[in-house]
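Examination of the molecular architecture
Here is how the chains run, residue by residue.
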Amino acid sequence: MKLRLLCAGRRMPRWVDDGVAEFMKRFPRQFPVELDTVDPAPRKAGLSATQLQQADSERLAAKLRGGERIVALDEGGQQYDSRGLAGRIQDWQHDGRDVVLVIGGPDGHSDAFRDAADELLSLSSMTLPHGLARLVLVEQVYRAWTVLSGHPYHRD
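Predicted model, so just to flag it, every value in this text is computed and none were measured. (Residues numbered from 1 in each chain as written. Predicted model: local features only at pLDDT ≥ 70, side-chain atom pairs only at ≥ 80, totals over all residues. Heavy atoms only, no water.)

1. Brief notes about the packing of aromatic side chains
The condition that has to hold: Within 6.5 Å between ring centres, the rings of Phe, Tyr and Trp (the latter by its six-membered ring) count as paired, and their orientation is classed by plane angle as stacked under 30 degrees, edge-to-face over 60, tilted in between. Throughout, exposure labels follow a simple rule: accessible area from a 1.4 Å probe, protein chains only, divided by the maximum for the residue type, with under 20% read as buried, over 50% as exposed, and the rest as partly exposed. Numbering of helices and strands runs from the N terminus; a helix is a DSSP stretch of H or I covering at least four residues, while a strand is a stretch of E covering at least two.
Considering all chains together, one arrives at five aromatic pairs under this definition. With a centroid separation of 5.8 Å and an interplanar angle of 25°, the aromatic rings of phenylalanine 27 and phenylalanine 31 are classed as stacked. With respect to burial, phenylalanine 27 and phenylalanine 31 carry one shared label: buried. Judged by centre distance (5.8 Å) and plane angle (35°), the ring pair of tyrosine 142 and tryptophan 145 falls under tilted. On the criterion of helical spacing, the pair formed by tyrosine 142 and tryptophan 145 is a turn pair, its members being three residues apart in helix α5 (residues 130-149). Per residue, the accessibility class of tyrosine 142 equals that of tryptophan 145, and both read buried. Cluster of aromatic residues (ring-pair linked, three or more members): Phe23, Phe27, Phe31, Tyr142, Trp145 and Tyr153.

2. Focus on the sheet that holds strand β4 (residues 99-103)
Here is the rule: Note: two strands are recorded as paired if DSSP finds a minimum of 2 bridges between them. To obtain an axis, a line is fitted to C-alpha atoms, over the contacting stretch when the element is a helix, and the angle between two such axes runs from 0 to 180 degrees between their N-to-C directions. We call two residues contacting when some pair of their heavy atoms lies within 4.5 Å.
In space, the five strands of this open sheet follow the order β2-β1-β4-β3-β5, with parallel pairing throughout. A single partner strand is all that each edge strand has here, and the edge strands are β2 (33-38) and β5 (119-122). The mean angle between the axes of side-by-side strands here comes to 35°, regardless of whether they run parallel or antiparallel. Note that strand β1 (residues 3-8) and β4 share five bridges and pair parallel. Bridge pairing links leucine 6 to valine 102 in β4. Packed onto the sheet, helix α2 (residues 49-61) meets β1, β2 and β4 and runs at close to 150° relative to β1.

3. Brief notes about the packing of helix α1 (residues 14-24) against α5
As a reminder, the rule being used: Roughly parallel refers to an angle under 35 degrees, roughly antiparallel to one over 145, roughly perpendicular to one between 65 and 115, and oblique to any angle outside these ranges. Crossing handedness is read from the near helix: turned anticlockwise from the far helix by less than a right angle, it gives a left-handed crossing, and turned clockwise, a right-handed one. Ten residues, namely Ala, Val, Leu, Ile, Met, Phe, Trp, Tyr, Cys and Pro, are considered nonpolar, four, namely Asp, Glu, Lys and Arg, are considered charged, and the remaining ones, Gly among them, are considered polar.
Axis separation between α1 and α5 bottoms out at 9 Å; the angle between their running directions is 15°. Taken together, the axes of α1 and α5 are roughly parallel relative to one another. With respect to the hand of their crossing, α1 and α5 are arranged in left-handed fashion. Across the interface between the two elements, Trp15, Val16, Gly19, Val20, Phe23 and Met24 from α1 touch Gly131, Leu132, Arg134, Leu135, Val138, Glu139 and Tyr142 from α5. Per-class residue counts for the contact of α1 with α5 are nine nonpolar, two polar and two charged.

4. Here's the deal with the side chain of threonine 37
Worth spelling out the cut-off: Within 3.5 Å is the distance limit for a polar contact, defined as a pair of N or O atoms, with the added protein rule that one can donate a hydrogen and the other accept it, and that residues adjacent in sequence qualify only through two side-chain atoms.
With respect to the helices, strands and loops of the structure, threonine 37 is situated in strand β2. On the basis of relative accessibility, which here comes to 15%, the residue threonine 37 falls in the buried class. A distance of 3.3 Å separates polar atoms of two side chains, one belonging to threonine 37 and the other to arginine 10. Residues within four places of threonine 37 in sequence aside, it is in contact with Cys7, Gly9, Arg10, Lys63 and Arg134.

Honestly, that's just the spatial picture; any functional story needs more than this.
Right under this line is the structure:
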């Protein structure tokens, strides 16, 4: 299984890019994780949040690969603790399909994108800034790998 993080938004603050890069370099070859980004739709006056969600979701959908399990990050999605996420990732590994974890644009995913996703995942019931959500997601995926591999990074 290959795991891909697909995120709307290319330009992040340096602290986000540095943090994400730090965790990305820690993943071993046998647990491949890729970061892929798309530019969000231009925020033009007169466009509604629904129109912007749709435009961003279309850009993300264009980057999906056939056969991938689509896991959309959404505040209404399933929440896991760190060990629970590790267990979910292990389930995905047994399934054998590649997995894409998708962070939407500033206005979130369109209803159609959420409906088309295989599952919804929530990092928190709190609203997180976009860059922080990206960093938390990559750290939690790394933490899940350490749980599954017996690495001492995660402590209960």
